[in-house]
Amino acid sequence: MEQPLDEKDLERKLKKEHKAREKEEKKLRAKQKEAARLQAQAASDGARKSEKKQKKKGAIDENPEDFVDPDTPTGQKKLLASQMAKQYSPSAVEKSYAAFLTSVNHAVLPPPNVTGALHIGHAITVAIEDAMIRWRRMSGYNALWVPGMDHAGIATQVVVERKLMRERKLSRHDLGREKFLSEVNNWKDQYGGTILRQLRMLGASLDWSRECFTMDSRRSKAVTEAFVKLYKEGLIYRDIRIGHWDCTLRTAVSDIEVDYLELKEETLLVVPGYNIPVQFGVLISFAYPLEEGLGEIIVATTRIETMFGDTAIAVHSQDERYKHLHGKYAIHPFNGRKLEIICDDELVKTNFGTGAVKITPAHDTEDFKAGKRHNLDFINIFTDDGNINENGGSQFEGMPRFTARAAVIDALKAKGLYRGMKNNEMKLGRCSRTNDIVEPMIKPQWFVNCNTMAKAALDAVKSKEIEIIPPQYEQDWYRWLENIRDWCISRQLWWGHRVPAWYVTLEDDEEKDMGSYIDHWIIARNENDAILEAEERYPGKKYQLDQDPDVLDTWFSSSLFPLSIFGWPDDTADLSTFYPTSVLETGLDILFFWVARMVMLGILLGGDVPFQKIYLHPIIRDAHGRKMSKSLGNVIDPIDVINGITLEGLQKKLEQGNLDPDELEKAKEGLKKDFPDGIPECGTDALRFALISYTSQSDKINLDIKRVHGYRLWCNKLWNAIRFAMIKLGDQYTPQTTVVVDSMPPVCRWILSVLNKSVGKTVSSLEAYKFSEATSSIYSWWQYQLCDVFIEAIKPYFNDSQEFEAARGASRDTLWLCLNTGLRLLHPFMPYVTEELWQRLPQPKEACMKDSIMISEYPSTVQEWENDQVENEMEIVLDAVSKLRSLRPPTDIHERRPSFVLCRNLEIAATVQCYQAQIATLASVSSLKILIEDDPSPPGCATNIVNKDLAVYLQLRGALNTEVEHEKLRKRREEVQKQHDTLSQKMNASGYREKAPQSKQDDDMKKIASLLEELEIISEAESKLDANN
């Protein structure tokens, strides 16, 4: 996907794409310029007359309209007010840039589910991917990012079914398939539009012309083709297997839709469809009578209602208690069925329960395997909605399964066969979509044989054809694919891709039910092809042809996404240009369900891996580390973080959802606890930056909105930095295309050098997918070096003194270079505020002004800016400043006092002399006098040791508090002594002299000597402190 274009090609491409918009923009700019000229001309006489008066007043009247941005046509570059607002406002900055910044068609977005609005998990995906794509685009690559939406079969159907039941008291069966699908399509149209609007708000610079949906015609064609191709290659087959069944949805569900509850003891749980809580977490024992008067055999189970499907009893072959019963039979107390007592050492654990296990092959995964091993009968006892069927007998038929649980216990008690109950630790599967308890059930389904595809996916990672980032997830990849099971791809739903399979029912078939004969299935691309094959296969016979009512697993169509978005199965130009893609970015929770399957199908159908790198971001949880769940009320809508919302607004949104009344009250309480004052307006930029900065956390992100708001306040710092620059640069300033760094003041050389390091660190972090390190590098430079040091240090240069004329000019050039470079460096992470601020910066005359910062060049290191010497000098300077600031009494931190610097050698004295003005400015002292070692210590001063060669003093008003000063020195002594002891211990350790390089040993000796000198200096300072008092 990343194919470098040279600068000319990229420029030509972008100009062509924006030609129409640029023409319209020029007209608007011309009109605005003319209006401004006329307005200025009309006001000029009045302005000249009032100039003297305003100077006397010491202030200039401001016109509020000068700070208001003009209305901007949708999709065009923002028209800016003549004056910058005094404070940053996210909504004012972002509203006009959203369409412009996301309209350039310039990497596949994992398609969000069309189940509703985006959540915060989507926001981190968009933030990371958009940062990647903007960085690559600015770096000259042909970067493509394609938007898509997933139909999310089961999730969407659940939401719409709940909505129908809540609003109209109707089930999908009441409506019928056609009308129900119409309802789902209406939902999709409504929320699909919402999702696209949210993506734009989040600043996603996708190629909107390629927008696709997993059930549109092109994607549907790809799904059908893939199914037919895999079937013809013998990789898709139909079989009766056991799997998770949701009785509420009446469909099979995949592992990802099942959450497991860890139960330690008897637990009562609310289950959909039951008025009273249901008992779980217990082991129930009962007796099966044995034939021939041999007595009874006691078995234990957690699901006693499944006994109607028992077809055998298993014991361990070496269990002495049951050796006499091998091959004997027990008699079912309710239907008289004979249950053979078999030996199965794989299934039975002699120390669990009674050592005898009832086998229900149709309703337990392990029993299913045992049934296959011993050729047992498979008897299904449940209807699709979870009621006991005819196999339960007239006494229990029609009962809901958990109602039958209590009824069976009562019936066993009546027969004298009940033997008791005890607590039992267990894992209970619950469907995440419906909260229903999943039931293991056998059903005929369509499966994909994954063995050969899994091996290819394994080899792709082992050979580094695909790189997984972070690399620790490679072992998870190997473990899952090495133990892969065949993939059930059919679902008993209505919303989704219909299985392209037709069943032929012949007139002379004895069994007329669909699927009765496995060889009567026809796989075809459409019904006409199916008819042709049926006539060829059954010439002259009368038949009925019916399409399988089931739909395909959503993950099947999603797994084809890297292929289908580029036109597969057709041989398109996009497919040959952009497949395989460069990188897939997604959450680590779907590594297997989606990513591995994309790799398997991509290799098989596309002939190559679908992407070269897989970046997995952590999963977002709330500030308490809890999984985000609607029932907990802790799900965060990114739009609420961007715009801000009151507590009442948050609770009202919950009321409009699909929560049950009990869940709703619990969720409201959760919101009240976490957001008592609602969520403050943070803006898109702050949200994106915060989410990306969180990625350093391992596999979970505990999201704290306060941190997001902190970055919103930081945006105001950036805003003020540009406001300062615009004032100091002046209206007539024209940036220089090249600067002579060597002739600049040291502080200017320093800020360019540390900026250069930040650029290098940011780029290398982006290349290594260490996004948090990139944001940390950028933040540290802007906050701690540019704003806290450089901008403060150069302020004295702008006092109109002739003495600072050269320094003032160099500071202007440096300030512009820093802001221009720093904004471009930050842009991929904060697109809106950087665009606004960059547009306000003056541009060099020789430069061709780009329309947008997002198509300007991403910064790269400049060798001429690198200056280690000046960085080392500034490190000493800033240490001295820090020590001086710490001496200032907390009661008068704004009062400037005289200060002194004691230099113990000529080199350090020269450094302090060079930066004397900067130290005084940054430390906010009234004066700074340099002392040498022989000078007496200034009286009445607090002191601090910077290092062995440097100490600082601050004149205090009134008597010096010797106790406080002694305490400072004591703490410093402890700190230095600890460093000395640690280093000494390392140097005296066994093997140090033999193993450590000589250069390292020399450095350590110098450090030891330096620390000893500093300890002597501290002792000297203590002595002088005592002498002066």
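Caption draft 1: Just the sheet that holds strand E16 (residues 418-423), in detail. The antiparallel open sheet is built from 3 strands, whose spatial order is E11-E10-E16. The open sheet has two edge strands with one neighbour each: strand E11 (296-301) and E16. Taken over all neighbouring pairs, the strand axes of this sheet differ in orientation by 20 degrees on average, direction set aside. Pairing between strand E10 (residues 282-289) and E11: 6 bridges, direction antiparallel. Across the sheet, the residue bridging to Pro-289 is Glu-296, located in E11.

Caption draft 2: Focus on the sheet that holds strand E23 (residues 521-523). Ordered by their spatial adjacency, 3 strands build an open sheet running E23-E22-E24, and the pairing between neighbours is antiparallel. Whereas interior strands pair on both sides, the edge strands pair on one side only; in this sheet they are E23 and strand E24 (543-547). Strand-to-strand twist of the sheet, defined as the mean angle between neighbouring strand axes without regard to direction, takes the value 30 degrees. Bridge count for strand E22 (residues 501-506) against E24 is 5 bridges, and the pairing is antiparallel. Bridge pairing in E24 links Trp-502 to Gln-547.

Caption draft 3: Broad picture of the packing of helix H19 (residues 647-655) against helix H20 (residues 661-674). Close contact between H19 and H20 brings their axes to 10 Å; oriented N to C, the two are set at 160 degrees. By the angle between their axes, H19 is roughly antiparallel relative to H20. Taken as a pair, H19 and H20 cross one another with a handedness that is right-handed. Where H19 approaches H20, its residues Leu-647, Leu-650, Gln-651, Leu-654 and Glu-655 are matched on the opposing element by Leu-664, Ala-667, Lys-668, Leu-671 and Lys-672. When the residues that make up the contact of H19 with H20 are grouped by side-chain class, the tally is 6 nonpolar, 1 polar and 3 charged.

Caption draft 4: Looking closely at helix H24 (residues 771-794). The end-to-end C-alpha distance of H24, which contains 24 residues, comes to 32 Å, matching closely the 34 Å that a straight helix rising 1.5 Å per residue would cover. Taken as a whole, H24 carries its principal kink of about 45 degrees at Leu-786.

What counts and how
- Here the residue numbering is sequential within each chain, running from 1 through the sequence in written order.
- Local features in a predicted model are, by the rule used here, given only for residues with pLDDT of at least 70; side-chain atom pairs are given and counted only at 80 or more, and totals for whole chains, interfaces and linings are based on all residues.
- Only heavy atoms go into the side-chain values, all of them from the structure, while hydrogens and water stay out.
- Being paired, for any two strands, means DSSP has found at least two bridges between them.
- Labels follow the DSSP assignment, with helices taken as runs of H or I lasting at least four residues and strands as runs of E lasting at least two, numbered in each case from the N terminus.
- Helix axes use the C-alpha atoms of the stretch in contact, all axes being lines fitted to C-alpha atoms, and the angles between their N-to-C directions lie in the range 0 to 180 degrees.
- Under this scheme an angle from 65 to 115 degrees is roughly perpendicular, one under 35 degrees roughly parallel, and one over 145 degrees roughly antiparallel; angles in between are oblique.
- Handedness of a crossing follows from how the near helix is turned relative to the far one, being left-handed for an anticlockwise turn of less than a right angle and right-handed for a clockwise one.
- Contacts were defined at the residue level, with two residues in contact if any of their heavy atoms lie within 4.5 Å.
- Basically, the charged four are Asp, Glu, Lys and Arg, the nonpolar ten are Ala, Val, Leu, Ile, Met, Phe, Trp, Tyr, Cys and Pro, and anything else, Gly included, counts as polar.
- Here the expected length of a helix is defined as 1.5 Å per residue gap, with one fewer gap than residues.
- Given a residue, its bend is the angle between the two axes fitted to the seven residues that end at it and to the seven that start from it.

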